[in-house]
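Below are the chains, spelled out letter by letter.
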Amino acid sequence: MNVNFDIQEKQAQPTKPPKPVIKTKDLDFAYGDSQALFNISMDIFKKEVTAFIGPSGCGKSTLLRCFNRMNDLINSANIKKGTIRISDIDIYNKDVDVIELRKHVGMVFQKSNPFPKSIYENIAYGMRIQGVKKRSELDETVESSLRGAALWDEVKDRLNKSALGLSGGQQQRLCIARTLAVKPKIILMDEPCSALDPVATAKVEELIHKLKKNYTIVVVTHNMQQAARVSDRTAFFYLGRLVEYETTEQIFMNPKNSKTEAYVSGRFG
């Protein structure tokens, strides 16, 4: 079955709420006998940054990895009930091509993981797998992806050098560029700044703001200040449950739930 994950461009009416891109409904998820997520229902909206916050082990990274089926790589992982729909397609339908899904829902991991190849080949690799051989097309995508990740000016004179020679912050932006090269619609980021110094973190946060113009972004972070800086909406998770999900301003300035208030004020977590 050829499933099209393209998100349709529609002009939103001023009085209507934004259109959901990811719709999670009544989701229960488990690793074997250990349930990790309980009855999660939430919508994630187009060209917004959504932050997932909560203490370690609360399920935020598990949910993130459900969105592009990275949990499929764990034998014991399974959805007990519920659905996740992207562009109105149930992504756990047996007819869905997981490789195609991951092209449209890219992922940036906690630890930068550049390939032991040149900077150029790190970006071109995904396109080569898709059968692109034309050098001019590869060159164009490499440059546009590196520009999109705010890295071009720093590496344009050493594209044939090993990516492993870049700094930690540059490596993480390279991984973002590698994700952009396959033209995703959604970008998932799992603690993208946890291993970076404050200067590199600031560059990645600035990049997230720029990418929001063209992509829907979901960020898992332990850093509440970062969530407040980069996101439009914030979801607070605790013990595998979605406690509260609102605009970031409301979550941090006027949360409705006492657990949320205790967490964002630093009283636990």
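Keep in mind it's a predicted model, so treat the numbers as computed, not measured.

## Points about the pattern of salt bridges
One pass over the structure, following the stated rule, counts 14 salt bridges. For the salt bridge of E121 with R128, the shortest nitrogen-to-oxygen distance reads 2.8 Å. Put simply, E205 and R229 hold a salt bridge, and the shortest N to O gap is 2.7 Å. One end of the pair, E205, is in helix α7 (residues 198-211); the other, R229, is in helix α8 (residues 224-230), and 24 residues separate them in sequence. The exposure class of E205 is buried, given its relative accessible area of 8%.

## As for the packing of helix α6 (residues 168-181) against α7
Two numbers describe a pair of packed helices, the interaxial angle and the distance between the axes. Closest axis-to-axis distance for the α6/α7 pair is 9 Å, and the angle between their directions is 20 degrees. Relative to α7, the element α6 is oriented roughly parallel. Of the two possible hands of crossing, α6 and α7 adopt the one that is right-handed. Contact residues: α6 offers G169, R173, I176 and L180, while α7 offers A200, K203, V204, L207 and L211.

## As for helix α3 (residues 119-129)
Buried within α3 we find I119, Y120, N122, I123, A124, G126 and M127. Of the surrounding secondary structure, the elements contacted by the buried residues of α3 are α4 (135-148), α5 (152-155) and α6. Just downstream of α3 lies G131, where phi reads positive at about 95 degrees.

## Considerations on the environment of A227
Its location among the elements puts A227 in helix α8. Overall, A227 belongs to the buried group, its relative accessible area being 0%. Note: C-alpha distance between A227 and T248 (21 residues apart in sequence) is 7.8 Å. Residues within four places of A227 in sequence aside, it is in contact with A51, I53, T221, T248 and F252.

## A look at the environment of Q170
In this fold, Q170 is placed in helix α6. Along the backbone, Q170 and A150 are 20 residues apart, and their C-alpha atoms lie at a distance of 9.4 Å. Contacts of Q170, omitting those with residues within four sequence positions, involve L151, E154 and R158. Of note is the side chain of Q170, whose polar atom sits 2.9 Å from the side chain of E154. A polar contact of 3.0 Å, which involves the side chain of Q170, links it to the backbone nitrogen of S167.

## Let's talk about the sheet that holds strand β1 (residues 20-31)
Reading across the sheet, the four strands line up as β2-β1-β4-β5 and stay open at both edges, with antiparallel pairing between neighbours. Across the chains shown, the open sheet's two edge strands, defined by having one partner strand only, are β2 (34-45) and β5 (89-90). Where β1 meets strand β4 (residues 77-86), eight bridges bridge the pair, whose relative direction is antiparallel. Counted as the bridge partner of Y31 is A77 from β4.

## Overview of the side chain of D28
If you trace the backbone, D28 turns up in strand β1. The buried charged residue D28 lacks any salt bridge, with K81 as its nearest oppositely charged partner at 4.1 Å. Apart from the residues lying within four places of it in its own chain, the contact partners of D28 are Q35, L37, F38, N39, N78, I79, K80 and K81.

## Here's the deal with unusual backbone geometry
Residues other than glycine seldom take positive phi values, yet D26 does so here, at roughly 55 degrees. Note that D26 resides in strand β1. Even without being a glycine, D88 presents a positive backbone phi close to 65 degrees.

Reading guide: rules and limits
- All residue numbers here refer to positions counted from 1 along the written sequence of the relevant chain.
- In view of the model being predicted, local features appear only for residues whose pLDDT reaches at least 70, and side-chain atom pairs are presented and counted only at 80 or more, with totals across whole chains, interfaces and linings using the full set of residues.
- Hydrogens and water molecules were not included; the side-chain quantities draw on all heavy atoms of the structure.
- Every case where a carboxyl oxygen of Asp or Glu lies within 4 Å of a side-chain nitrogen of Lys or Arg is listed as a salt bridge.
- Helix and strand assignments come from DSSP, with helices taken as H or I runs of at least 4 residues and strands as E runs of at least 2, each series counted from the N terminus.
- When a residue's accessible area, from a 1.4 Å probe over protein chains only, is under 20% of the maximum for its type it is buried; when over 50% it is exposed; and in between it is partly exposed.
- Inter-axis angles, ranging from 0 to 180 degrees, are taken between N-to-C directions of lines fitted to C-alpha atoms, where helices are fitted over the stretch in contact.
- Any angle from 65 to 115 degrees is called roughly perpendicular, while one under 35 is roughly parallel, one over 145 is roughly antiparallel, and all others are oblique.
- Handedness of a crossing follows from how the near helix is turned relative to the far one, being left-handed for an anticlockwise turn of less than a right angle and right-handed for a clockwise one.
- Contacts between residues were defined by any pair of non-hydrogen atoms, one from each residue, lying within 4.5 Å.
- The definition of a polar contact used here is a pair of N or O atoms within 3.5 Å, where within protein one atom must be able to donate a hydrogen and the other to accept one, and adjacent residues in sequence count solely through side-chain atom pairs.
- A strand pair is defined by DSSP finding two or more bridges across the two strands.
- Charge counting treats Lys and Arg as positive and Asp and Glu as negative, with His and both chain ends excluded.

None of the figures reported here should be taken as evidence of function without further support.
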